[in-house]
2 protein chains.
Amino acid sequence: MPVDDMDRFTRDTAVEAVGPGRYHGRVDPGWSVVDGAAPNGGYVMALAARAMRAEVPHPDPVTLTAHFLAPPDPGAVDIEVEVVRTSRRHSTVAARLLQDGREQARLLGAFGDLDAAEGPDRVDLAPPPLPPIEDCLDVTAAAGARARSGERPSFPIQERFDHRQPVELASWAVGRPTGRGEMGGYLRFADAHDDDAIDTLGLLVVADCFPPAVFNTPPGLTSWVPPIELTVQVRARPGPGYLAAWFTTKAITRGYLEEDGQVWDAGGNLVALSRQLALTPRS
Amino acid sequence: MPVDDMDRFTRDTAVEAVGPGRYHGRVDPGWSVVDGAAPNGGYVMALAARAMRAEVPHPDPVTLTAHFLAPPDPGAVDIEVEVVRTSRRHSTVAARLLQDGREQARLLGAFGDLDAAEGPDRVDLAPPPLPPIEDCLDVTAAAGARARSGERPSFPIQERFDHRQPVELASWAVGRPTGRGEMGGYLRFADAHDDDAIDTLGLLVVADCFPPAVFNTPPGLTSWVPPIELTVQVRARPGPGYLAAWFTTKAITRGYLEEDGQVWDAGGNLVALSRQLALTPRS
């Protein structure tokens, strides 16, 4: 596909094969949480995953784990992919993402083909407890307005999404956390058309693109939450439309916290489960 | 420590350094689910983790992921450990477990020092909904009696634990699943004394040693649940006494299922969270 026809996520995670199991990619500054700060972990994961996927016959990361060693700067990265094993159903793949020879992330995952998968279905989870999308705050527009007025720095990653949240979940930003470790809302890529569906690599960044759920717990831990490890289980290729996502943090112990996520598509299908281990903000 | 003074778990996960980052270990048949069948995934993980831990200054696997490629047979294994990065707070470590040169498991984890960790504490999870231990069934004794009578095969791994379960959670074994994807109970190692505490490598096998929670969903999927990947977050070193564990499976999609676990110590502290991706039984 010509680059100009690609959606921004696909373009910003594009990789070029440069040798056996070796790829070049580029960290785009547009996926950082704050201007000039570290790129989003899920974005780094998706960039590496695109190189991993290129090496195997299975397109979908059914379970992918990333360990974050140091946040890369915007610019060129090298990705080294090792196919550990390929069987009929799954490929197990490891990868290293490096910048100037320094490893920034290590990944390990199993790729499958979710459209070819067959087996029992039984989902005892309820979709996220969200109001209808028309009752949600357009947080992308609201954050953009505050950034343009100089009230807050801009949040580049938020501009990559059309992002709608219940007002109460977004009110941590004005000093009113809900008091519970929860975050959620609807989203699609900012450049998506109504009939576009996010792919299973896009779900990796979706699983990490909301403000941390811990921002809604007192006492307002709202600075950077350094991620140690993120694992995403992708369960289905989403249909078109907005995704609904829900994240919770229920166990903060000695400064470690988990964030568990669920992502559902507009058709009511569970498309991903995620869990990360992170450190609580220092402030 | 002389081998004779070791508890069985420590002995059966012992490894010997044979070169830089290289270890020999031995898969003991006593940790298989059924006589002659595959060893438990959590046991294989703990065996590899002991070699990983030997290479770094941090003793506790704060998050460890294992991908299971093929179940090893009882007998000798080689473990190759790569220290990806060591910082003050964490060591990131990868490992391969091989048998006769064939890779059986690949691991990636971050080790820390949980006793030295400092930071906020806030746990919004409730301990497992278990009755008092004295009201639980001694499932180790019950399974042993059924095996000795020839009614069922023996379950070696069950004999490694002193394992107590609410009767209703254990009744899948006599054709009465609860109908919900849940499993839980109390346990300690069978050779534990009252003042013994399980260590943080032991929690890896605890996180995988119950019958699968899916055994309690209709329609009685009670054969082998092939694990793809298991991630365990260890949060604290347990105090002495029985651990309480609780496992749930809430999303079975096209034959994929997650099993989420919580492990608590006798003092009411959350000591581990686990999640695995597995395939539903074929029967």
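What this report covers is the structure whose coordinates are included nearby. (Residues numbered from 1 in each chain as written. Chains lettered and ligands numbered in written order. Predicted model: local features only at pLDDT ≥ 70, side-chain atom pairs only at ≥ 80, totals over all residues. Heavy atoms only, no water.)

1. Considerations on the pairing of strand β11 (residues 227–234) of chain A
Residues and elements named next belong to chain A.
Working step 1: Of all eight residues that make up β11, eight are buried, and the element is covered over most of its length.
Working step 2: With four bridges connecting them, strand β3 (residues 60–68) and β11 associate as antiparallel partners. Counterpart to T65 in the pairing with β11 is T231.
Working step 3: Both β11 and strand β15 (residues 270–279) contribute to a ladder of seven bridges, which runs antiparallel. Across the sheet, residue V234 finds its bridge partner in β15, namely A272. (Buried < 20%, exposed > 50% of the residue type's maximum accessible area, 1.4 Å probe, protein only. Helix = DSSP H or I, 4+ residues; strand = E, 2+ residues; numbered from the N terminus. Pairing = 2+ DSSP bridges.)

2. Digging into helix α2 (residues 41–54) of chain B
In an α-helix, one full turn covers 3.6 residues, which means residues spaced three or four apart are oriented alike.
Residues and elements named next belong to chain B.
Working step 1: Compared with an ideal rise of 1.5 Å per residue, which puts 14 residues at 20 Å, α2 spans 20 Å between its outermost C-alpha atoms and is within 8% of the ideal.
Working step 2: If you check which residues of α2 are buried, you get G41, G42, Y43, V44, M45, A46, L47, A48, A49, R50, A51 and M52.
Working step 3: For α2, the capping residue at the N-terminal end is N40, with a side-chain oxygen 2.9 Å from the backbone nitrogen of G42. (Expected span 1.5 Å × (residues − 1). Polar contact = N/O pair within 3.5 Å; in protein donor to acceptor, adjacent residues only side chain to side chain.)

3. Quick notes on the environment of A66 of chain A
Residues and elements named next belong to chain A.
Working step 1: Inspection of the secondary structure assignment puts A66 in strand β3.
Working step 2: Taking the relative accessible area as the measure of exposure, A66 reaches 1% and is therefore buried.
Working step 3: Spatially, the C-alpha atoms of A66 and G41 are 8.5 Å apart, while their sequence positions differ by 25 residues.
Working step 4: Look past the residues within four positions of A66 in its chain and what remains in contact with it is M45, R106, L107, I228, E229 and L230. (Contact = heavy atoms within 4.5 Å.)

4. With respect to empty space enclosed by the protein
Working step 1: With the rule as written, the count across this model stands at three cavities of 30 Å³ or more.
Working step 2: Each pocket or cavity is described by its volume, and for the largest cavity that value is around 60 Å³.
Working step 3: Looking at the largest cavity, the residues that line it are E229, T231, Q233 and R275 of chain A together with E229, T231 and R275 of chain B.
Working step 4: Looking at the lining of the largest cavity, the elements that each hand over two or more residues are β11 of chain A together with β11 (227–234) of chain B.
Working step 5: The leading source of residues in the lining of the largest cavity is β11 of chain A, at three residues.
Working step 6: When grouped by side-chain class, the residues that make up the lining of the largest cavity number no nonpolar, three polar and four charged. (1 Å grid on protein atoms, 1.4 Å probe; cavity = no way out; pocket = protein on both sides within 12 Å on 5 of 7 lines; lining within 4 Å. Points joined across faces, edges and corners; volume = space filled by probe spheres on them. Nonpolar A, V, L, I, M, F, W, Y, C, P; charged D, E, K, R; others polar.)

5. Comments concerning the interface of chain B and chain A
Working step 1: Contacts between the two partners involve 58 residues from chain B and, on the opposite side, 58 residues from chain A.
Working step 2: With both sides pooled, the region where chain B packs onto chain A buries about 5200 Å², and carbon together with sulfur makes up 53% of that total.
Working step 3: Three residues stand out in chain B for area buried against chain A, namely R122, R235 and R254 of chain B, and they jointly supply 15% of the buried area on that side.
Working step 4: Across the pair D115 of chain B and R254 of chain A runs a salt bridge, and its minimum N-O distance is 4.0 Å.
Working step 5: On the surface where chain B and chain A come into contact, there are 34 residue pairs in polar contact (both at pLDDT 80 or more).
Working step 6: At seven residues, strand β15 (residues 270–279) of chain B tops the list of elements feeding residues into the side of chain B that touches chain A.
Working step 7: Of the residues that constitute the side of chain B that touches chain A, the class distribution is 23 nonpolar, 16 polar and 19 charged.
Working step 8: With two bridges joining them, strand β7 (residues 122–123) of chain A and strand β13 (residues 251–253) of chain B adopt antiparallel strand pairing. (Buried area = accessible area lost by both parts, 1.4 Å probe. Salt bridge = Lys/Arg side-chain N within 4 Å of Asp/Glu carboxyl O.)

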